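# Structure assessment
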Amino acid sequence: MNKETQQQNPPAEKHVRRKHYAGRYPKKFEEKYKELNPEKYGGEIADHVTAKGNTPAGTHIPIMVKEILDFLQIKPGQTGFDATLGYGGHTRAMLEQLQGKGHIHATDVDPIESEKTKQRLLDAGFGENILTIHHMNFAAIDKIAAEAGPFDFILADLGISSMQLDNPARGFSYKVDGPLDLRMNPLRGISAARLLKKLSRDEMEGMFVENADEPYAEEIARQIFTDLKKGVPINTTKELYGEIEKALFFLPGIERKDAVKKSCARVFQALRIDVNGEMEALYAFLEKLPYALSPGGRVAILTFHSGEDRLVKKAFKKYLNEGIFSEAARDVIRPSGEECFTNPRAKSTKLRWAIRA
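Residues numbered from 1 in each chain as written. Predicted model: local features only at pLDDT ≥ 70, side-chain atom pairs only at ≥ 80, totals over all residues. Heavy atoms only, no water.

### A short note on the pairing of strand E3 (residues 131-134)
Quick reminder of the rule: In this scheme, strands are said to pair when DSSP sees at least two bridges between them. Secondary structure is summarised from DSSP: a helix means a run of H or I of at least four residues, a strand means a run of E of at least two, and numbering begins at the N terminus for each. The definition of a right-handed crossover adopted here requires that, viewed with the strands pointing away, the path from the first strand over the helix to the second runs clockwise.
Strand direction decides the pairing type here: strand E2 (residues 103-107) and E3, joined by 4 bridges, are parallel. Looking at the pairing, isoleucine 104 lines up with leucine 131 of E3. Chirality of the crossover, the property in question, places the unit of E2, helix H6 (residues 111-123) and E3 among those that are right-handed.

Okay, here's the thing in structure tokens:
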């Protein structure tokens, strides 16, 4: 075959068959090719998974979107702030309300997921003309407001994104094995595994109580601290799960299995909050919040555990009493039963709102 013929008939690309798995479905996160490409496969995989009351891996279902939009009352031409970009579900819903007029500033400390979200929103038609993403903690709201504010509406969703939970390489969940990391920004700070090695038994116990209201904080802290002193490795999510299992061995068999799961969820939450300095960041954000809002500006905050909710409730009450806020929610708003079924991760959500005087 001469060169001219080769150019006219280039060799066909070699077809590589998709890997086949034992069993009906792939078990590993990295192998869930459809769920890792939700834009490509559309509702095919999402419908199948959500019909069972689960969240498709690698995606995130935004919580209480209708309730948030109903309260914020976003109008074209306004300027807003999304404190926690995440997967971009809330951000996109708010951008749509602007109808191409106005701007949203969003913050996120996760360099991995925020870049994916930026591209996802760009593909949906939301470019830099209407959206600016800041790779910083939302505690820096005062700096952003000084240049772009004050804001007509602010949203802070304090929950962890499902993409982080589902990715075993990030170490956010005890359900799959992975490094015990838990950092939102894996390039900064220390991992949860290193943090455990630095804490005293009393500090560990206090962290589990303060950040997660863990009822077996004393037993779990004692077990982890004792094993670390013996040189037992606790560097992976499964190794920490094993420590909690050992700590709760005294419980009756029927009760133990459920208790271990719940304690694991709380311990991982407590570690994540400490590793990322979440309570400190929330406290700083709440201190600066009123001064980043324009007169009549509205703020909505989603919390997922009692510690967060107490801080938000206390701050809103203080600003209301001082006349800085004209209105604030007296009671939390909870997601509907229907939403909790289609998105189980919404069950612990509490929404509080306030309006700047």
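### What about the packing of aromatic side chains?
Put simply, the rule is: For this analysis, a ring pair means two rings from Phe, Tyr or Trp (six-membered ring only for Trp) whose centres lie within 6.5 Å, classed as stacked if their planes differ by under 30 degrees, edge-to-face if by over 60, and tilted for the remaining angles. For every residue, the accessible area (1.4 Å probe, protein chains only) is compared with the maximum for its type, and the residue is labelled buried under 20%, exposed over 50%, or partly exposed between those bounds. Whether a charge sits over a ring depends on NZ of Lys or CZ of Arg being within 6 Å of the ring centre and within 35 degrees of the ring normal.
Considering all chains together, one arrives at 6 aromatic pairs under this definition. Plain terms: the ring middles of phenylalanine 71 and tryptophan 353 are 5.0 Å apart, the flat faces sit at 35° to each other, and that makes the pair tilted. Placement of the pair is phenylalanine 71 in helix H4 (residues 65-72) and tryptophan 353 in strand E7 (residues 350-356), with a sequence separation of 282 residues. With 5.6 Å between their ring centres and 80° between their planes, phenylalanine 316 and phenylalanine 325 make a pair best called edge-to-face. Since its relative accessible area comes to 2%, phenylalanine 316 is described here as buried. In this structure an aromatic cluster arises from ring pairing among Phe316, Tyr319 and Phe325. When the ring centre of phenylalanine 249 is taken as origin, the NZ or CZ atom of arginine 256, which lies over that ring, is 4.7 Å away. Above the face of the phenylalanine 71 ring, arginine 298 is positioned so that its terminal group lies 5.0 Å from the ring centre.

### A short note on unusual backbone geometry
Within the chain, methionine 64 stands out as a residue other than glycine whose phi angle is a positive 55°. Within the secondary structure, methionine 64 sits in the loop between helix H3 (43-50) and H4.

### Quick look at the packing of helix H14 (residues 278-288) against helix H15 (residues 306-321)
Inclusion rule: Only the stretch in contact is used when a helix axis is fitted, and all axes are lines through C-alpha atoms; the angle between N-to-C directions ranges over 0 to 180 degrees. An angle below 35 degrees is read as roughly parallel, one above 145 as roughly antiparallel, one from 65 to 115 as roughly perpendicular, and any other as oblique. Take the far helix as your reference; a near helix turned counterclockwise from it by less than a right angle gives a left-handed crossing, and one turned clockwise gives a right-handed crossing. Contacts were defined at the residue level, with two residues in contact if any of their heavy atoms lie within 4.5 Å. Only Asp, Glu, Lys and Arg are considered charged, only Ala, Val, Leu, Ile, Met, Phe, Trp, Tyr, Cys and Pro nonpolar, and every remaining residue, Gly among them, polar.
Running from amino to carboxyl end, H14 crosses H15 at an angle of 15°, the nearest separation of the two axes being 10 Å. Classified by the angle between their axes, H14 and H15 sit roughly parallel to one another. Judged by the sense of rotation from one axis to the other, the crossing of H14 with H15 is right-handed. In contact with Glu278, Met279, Leu282, Tyr283, Leu286 and Glu287 of H14, H15 contributes Gly307, Glu308, Leu311, Val312, Ala315, Phe316 and Tyr319. A breakdown of the residues in the contact of H14 with H15 according to their chemical character gives 9 nonpolar, 1 polar and 3 charged.

### Some words on helix H12 (residues 237-247)
The condition is simple: Relevant arc is that of directions from the helix axis to the C-beta atoms, nothing else.
Regarding H12, the residues found buried are Thr237, Leu240, Tyr241, Glu243, Ile244 and Ala247. When H12 is viewed along its axis, its buried side chains cluster within an angular range of 155° and face the same direction. The inward-facing, buried residues of H12 abut helix H9 (192-198), helix H11 (217-230) and helix H13 (253-275).

### Focus on the sheet that holds E2
Spatially, the 7 strands line up as an open sheet ordered E3-E2-E1-E4-E5-E7-E6, and their pairing is mixed. A single partner strand is all that each edge strand has here, and the edge strands are E3 and strand E6 (325-328). Within this sheet the neighbouring strands show an average axis-to-axis angle of 15°, counted without direction. Of the strands in this sheet, strand E1 (79-82), E2, E3 and strand E4 (151-157) touch helix H7 (residues 141-148), which is tilted by about 155° from E4.

### Overview of the pattern of salt bridges
In plain terms, the rule: By definition, a salt bridge exists where a carboxyl oxygen of Asp or Glu is found within 4 Å of a side-chain nitrogen of Lys or Arg.
Applying the stated criterion across every chain, the model contains 15 salt bridges. One network of salt bridges, in which partners are shared, links Asp227, Glu243 and Lys246.

### Quick word on the packing of H11 against H12
At a minimum axis separation of 9 Å, H11 and H12 run at an interaxial angle of 120°. With respect to their mutual orientation, H11 and H12 come out oblique. You can see that H11 and H12 cross each other, and the crossing is right-handed. The residues of H12 that touch H11, namely those facing Glu219, Ile220, Gln223, Ile224 and Asp227, are Leu240, Glu243, Ile244, Lys246 and Ala247. Looking at the contact of H11 with H12, its residues break down into 5 nonpolar, 1 polar and 4 charged.

### Here we look at the nonpolar core
Applied cut-off: Among buried residues, those of type Ala, Val, Leu, Ile, Met, Phe, Trp, Tyr and Cys that are joined through side-chain atoms within 4.5 Å constitute a nonpolar core.
One finds Leu180, Leu196, Phe208, Ile220, Ile224, Leu240 and Leu271 to be the most contacted residues of the largest nonpolar core, which totals 36 residues. Considering every element that reaches this core, the biggest residue donor is H13, with 8 residues. With residues near it in sequence (within four places) discarded, leucine 180 still touches Ser191, Ala192, Ala193, Leu196, Ile234, Asn235, Thr236, Thr237, Leu240 and Phe268.

### Thoughts on H15
Put simply, the rule reads: Here a helix's expected span is defined as the number of its residues, less one, multiplied by 1.5 Å.
Here H15 spans 22 Å end to end across 16 residues, near enough to the 22 Å set by a 1.5 Å rise per residue. Every buried residue of H15 is accounted for by Gly307, Glu308, Asp309, Val312, Ala315, Phe316 and Tyr319. Residues of H15 that are buried sit in contact with H14, strand E5 (293-303), E6 and E7. Phi for glycine 323, located one or two positions after H15, is positive at around 80°.

### Focus on the confidence of the model for the protein
Detailed conclusions should not be drawn from predicted coordinates in areas where pLDDT is low. Rules: A residue's pLDDT is simply how confident the predictor is in it, with values from 0 to 100.
Counting all residues, the mean pLDDT for the protein is 85, and 80% of those residues have values of 70 or more. Confidence over residues 15-26 falls short of pLDDT 50; this stretch has 7 contacts with residues more than four positions distant or in other chains. A low-confidence stretch, residues 41-54 (pLDDT under 50), is modelled with 20 contacts involving residues beyond four sequence positions or located in other chains.

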